[in-house]
Amino acid sequence: MAATATLYHAQLTGWERIKEFFNAKFINILALSLFLLLAVFLLFPIFAVLVKSFQGPEGFTLAHYENFFTHAYFFQSLYNTLLLGLINTIICVGVGFCFAYMTTRGPMALRKPLKIVAMIPLIAPPYLFALSLIILFGRVGLITKTFGVNWEIYGFDGVVIAQTLAFIPLAFLMLENNIKSLNPNLEESAYDMGATEGTIIRTITLPLLAPGLLKAALLVFVMTIAEFGNAAVLGGRVPFLAPDTYTMIVGEADFSMGSVLSVMLIMPCIMIFIAHNYLLKGKKFTTIEGKPIASEPRKMSPFVKVPFITVTFLFGFTIFICFAVVILAAFVNILGVRNEFVMRHIMDFRSNMAIWNSIRVSFIAALVGGIIGTLLSYVIVRGKFVGRNLIEMISLSGFALPGTVIGVGYLIAFASPPMKLTGGIMILALNCVFRFLAVGVEAGITKLHQINIEIEEASWDMGATFFTTFRRIVLPIMFPAFIAGFIYTFMTAMVSLSAIVFLVSPGYELAAVTIFDAAAYGKIGLASATTLKMIMVVILCMIVLNLLTKFTNLDIERKGGAA
Amino acid sequence: MGTNEQPTLILKDIHKSFGKNKVLNGISIEVNKGELVTFVGPSGCGKTTLLRIIGGFTEHDSGEVILDGRSIGHLPPNLRDTRICFQNYALFPHLTVGENLAYGLKVKKWDKKKIRERVDELLTLVQLEGFKDRMIDKMSGGQQQRVAFARALAFSPKVLLLDEPISNLDANLRVLMRDEIRRLQTELSITTVFVTHDQYEAMAISDKIVVLSDGYIQQVGSPIEIYDHPVNEFIASFVGYVNFLPAKIDSIIKETDAAVVSTEYGKLEIDIEQTEFAPGTEVLLVIRPETLKIAPSNGTVTTQNVVQGTLRRYIYSGALAKCHVVLGNDKEVIVDIQDPRDHVPLRENEKVDVTVSRNVHVLKKRA
């Protein structure tokens, strides 16, 4: 064998040897390049923030942190943020569970409508709810004026409400998935042994869901404390870390304090990321599976049905109203003041340009993100090198990292040569690519796990080179994952605000930023119209996805969550 | 088993459809006290649905479920004196063995001391003493099956419902657990409904078998009745292999209750129990492979009830040898030889004599 191998190599020309080398090592080269990209566009900015927070005029200093902890204002901001996260998490997981229980165990007729209602916020940016709350409860709000309610929406309560409504879908989706994978026979067994529905939920359903509940809670917590828009628009004089970071950087150009705030924002996320991996390790209940079980609808006990229906209907109705008033406000001159039908908000030039820019940025981000995500998942699953887990962890972490921090990081990291990217469309797109990689990567990993590696081996066996195999076998198989990554990145990039807000420059204004500015300055009509157009683009995107799924039998999983 | 007593469980004319799909078409069954009745049938025959209707998990469209003289069709599962044991055991994975057994007792607010005693009793019953504090996923499949069974017995239910309880076990363990279930069931005299798709399991465990197909009851009877006196071709071929031989009644011999029938391959004389067969009736002989005898042929048929054929294939499998014999042009019958080592040697592709027993079952041929 060895002799023939040498002989074979001896016959190769220089060029052929290079080709041979690339064929053999392609996956490692690919992995290395992808790792470099992740390092530059994800790790480096975070690192830059960290460095900046310790950097004084004479090198290393703790002065900025001292500053942070000695000012009651900053401490209050941290406290508010964590409290907001806690309250939001409890409500979202609780309400999410009610919705998930109703759509999987509730009356058949209610399952579909409730599911749609619970998912609706996904098609809109989270700060839509800030906008609707202003329309309803603002100083000239519909409810404020009609009923003379004197309730100040600007403040902590307002932010909590807006955030809760925005992140119910996230909790709902995770919990619904978890409940679906519960074997209904377990609950039926408890029922059979005399338990009532309330007892079953308390002693069987909830304990079995514990890992899922914890996971949902951690994710909601991270997402809500990082969410920028609602707190910025509705926070008023109440400080929160994310908007404060924005004020520090954009308002006062204090990058050091901005970095300290960012570090404060990212700490809980990192702690939760670790806790999540540590707490949930091996925490999965395995049960013996028999024949496939369909959950038959059973009569709900009124003691469960009444409270669950009350909660879901209340929140469902609120979500519905919030959407309705935004749509309304888009076509009314000044809602509540001059109630006449106008098209000027919809036709607004600045708004249309912003939407167009957003589409361009999102498209670039989606294309690049889809490709990188697909390639990443391939090297993670099929590669045989040290550090695969690390690559996987980094590429999935963008999902949980607060957008504000990445925004600040990009601003610091790419402000000066050799990597000057600020002020342009590329930095916006790249930012979205690396923040929203997770879904594409996960879709790719799932897809690859479904495919036996023997398919690729068969191709090699029949004489194909690595490149040919990759091009002819792997890529077509991975296409659905690419599409999933593409669509997801596109949709999230469209609505994303928290990082983008730091990076936009004149001439490249994006829809999210336009909405934010308009809402902050009370231009409700403009904000609503832009939001509406944004929603339309997202819906269009989902229709395309559905059509693609239908006509190509791609099994694309949509995942929720955006910031 | 008091036959004069009223049955413990009565199903009266149960109908059930899922959408347009009719799953059960008027099922009526009686289960006596202490009996083990098996619902058996191919998948999709409605047996599990019927079991879930008894348990209260599926609502039936019409008909009645009567337990101990009381109609229970309207009650939810938690108010019925039935206990179900699911195919996947449905043991609570977040609880220990002991907590699983105690679950129902706690729900019913039993006294703590009484619960502890009952749990110990149950563990002894299924020979799992010492496993009380184990988590479920640390138990083997067979052990989990025992826990599930014990849990279902915690209250001594009026009717025990077993939904393919041992189909997740490997073949050897399955036989072991089957006999174990039967032993406990008889010992404790628990009225039991057992669902399985395995005919042999049904034969081995049941007092009474209900064969279902397409939502209809095909036959109800003891294992012997089902095997020896199937009412139709479906039942006949459902349990074990059977050779069907078309024939026509020639004459009835009153004195011996015998009939002479003619087949394509010769005349046969058989016992006949039914009187409905007049000469001239087209019938189907139901011949079990083990009732046939086979011997090398010397060329001429001299003895009664012998048909001649060619041995096409001889498949030896230790305790049994299966002989595929071709009668006439292309009629294949299978003959089983028990303990083939003692049998006269047979060679493939040679002529053989097949002796048909007088004791064959006769079905009227359907038009």
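Residues numbered from 1 in each chain as written. Chains lettered and ligands numbered in written order. Predicted model: local features only at pLDDT ≥ 70, side-chain atom pairs only at ≥ 80, totals over all residues.

> Requested: an account of the overall build of chain B, with residues and values cited.
Tallying secondary structure elements over chain B gives 8 helices and 20 strands in all. In chain B, once contacts between residues fewer than 6 apart in sequence are set aside, the share between residues at least 24 apart is 65%. (Helix = DSSP H or I, 4+ residues; strand = E, 2+ residues; numbered from the N terminus. Contact = placed C-beta atoms within 7 Å.)

> With reference to specific residues and values, describe the pairing of strand β19 (residues 351-355) of chain B.
Residue and element names in this part refer to chain B. Judged from the 4 bridges that link them, strand β15 (residues 293-296) and β19 form a sheet pairing that is antiparallel. Directly across from proline 296, in β19, lies its bridge partner valine 352. Relative to β19, strand β16 (residues 306-316) runs antiparallel, the two being bridged by 5 bridges. Bridge pairing in β19 places valine 307 opposite valine 354. (Pairing = 2+ DSSP bridges.)

> Any chance you could break down the sheet that holds strand β1 (residues 9-18) of chain B for me, citing the residues and the numbers?
Backbone hydrogen bonds hold the strands of a sheet together, and the pairing may be parallel or antiparallel. All names here are of chain B. Within the open sheet, the 4 strands sit side by side as β2-β1-β4-β5. Their pairing is antiparallel. Both edges of this open sheet fall to β2 (21-31) and β5 (70-71), since each of them pairs with a single strand only. Where strand β4 (residues 62-67) and β5 come together, 2 bridges link them in antiparallel fashion. From the neighbouring strand, isoleucine 66 faces β5, where its bridge partner is serine 71.

> Quick one: what's the story with the domain arrangement of chain B, residue by residue and with numbers?
Residue and element names in this part refer to chain B. Each domain of chain B was delimited in the assignment, giving domain 1 (9-238) and domain 2 (243-364). Placing the centre of domain 1 and that of domain 2 at their C-alpha centroids yields a distance of 40 Å. Taken together, the contact pairs 6 residues of domain 1 with 5 residues of domain 2. Residues of the side of domain 1 that touches domain 2, tallied by class, amount to 2 nonpolar, 2 polar and 2 charged. (Domains from an automatic or database assignment. Nonpolar A, V, L, I, M, F, W, Y, C, P; charged D, E, K, R; others polar.)

> Explain the interface of chain A and chain B to me, and be specific about the residues and the numbers.
Contacts between the two partners involve 25 residues from chain A, matched on the other side by 24 residues from chain B. Of all the elements in the fold, those that place two or more residues in the side of chain A that touches chain B are α9 (184-192) and α10 (197-226) of chain A. Broken down by element, the residue count for the side of chain A that touches chain B peaks at 7 residues, all from α9 of chain A.

> Which residues make up the sheet that holds strand β11 (residues 243-253) of chain B, and what are the values?
Residue and element names in this part refer to chain B. Read across the sheet, 5 strands follow the order β13-β12-β11-β14-β20 without closing on themselves; strand pairing throughout is antiparallel. Lying at the two open borders of the sheet, with one neighbouring strand each, are β13 (266-271) and β20 (361-364). On average, each strand axis in the sheet is inclined to that of its neighbour by 45°, with strand direction left out of account. Note that β11 and strand β14 (residues 282-287) share 6 bridges and pair antiparallel. The partner of alanine 247 across the bridge, within β14, is valine 283. (Axes fitted to C-alpha atoms, helices over the stretch in contact; angles between N-to-C directions.)

> Can you explain the nonpolar core? Please cite residues and give values.
Counting 272 residues, the largest nonpolar core has Ala171 and Val220 of chain A as its most contacted members. For this core, the element with the highest residue contribution is α10 of chain A, accounting for 16 residues. Here this core spans two domains, since at least three of its residues come from each of domain 1 (9-238) and domain 2 (243-364) of chain B. Discounting residues that sit within four places of it in the chain, valine 220 of chain A has contacts with Asn88, Thr89, Cys92, Val93, Phe167, Leu170 and Ala171 of chain A. (Core = buried A, V, L, I, M, F, W, Y, C linked by C-beta atoms within 7 Å. Buried ≥ 20, exposed ≤ 12 C-beta atoms within 10 Å, placed from the backbone.)

> Residue-level account of the packing of helix α6 (residues 128-137) of chain A against helix α8 (residues 156-180) of chain A, with values.
Residues and elements named next belong to chain A. Contact geometry of α6 with α8 gives a least axis separation of 8 Å together with a crossing angle of 130°. Our classification of the angle between α6 and α8 gives oblique. The interaxial crossing formed by α6 with α8 has right-handed handedness. Mapping the contact onto sequence places Phe129, Ala130 and Leu133 in α6 and Gly158, Ile161, Ala162, Leu165 and Ala166 in α8. Among the residues making up the contact of α6 with α8, the classes are represented as 7 nonpolar, 1 polar and no charged. (Parallel < 35°, antiparallel > 145°, perpendicular 65-115°, else oblique. Left-handed = near helix turned anticlockwise from the far one by under 90°.)

> Tell me about the packing of helix α4 (residues 72-105) of chain A against helix α5 (residues 108-119) of chain A, and please be specific about residues and values.
All names here are of chain A. In the contact formed by α4 and α5, the axes pass within 8 Å of each other and the chain directions differ by 150°. With respect to their mutual orientation, α4 and α5 come out roughly antiparallel. α5 is crossed by α4, and the crossing has left-handed handedness. Taken together, the residues of α5 that come into contact with α4 (itself represented by Phe99, Met102 and Thr103) are Leu110, Arg111, Leu114, Lys115 and Ala118.

> Residues and numbers for helix α21 (residues 454-461) of chain A, please.
Counting buried residues along α21 of chain A, only 0 of its 8 residues qualify, which leaves the element largely exposed. Count one or two residues on from α21 of chain A and you reach glycine 463 of chain A, which has phi positive near 105°.

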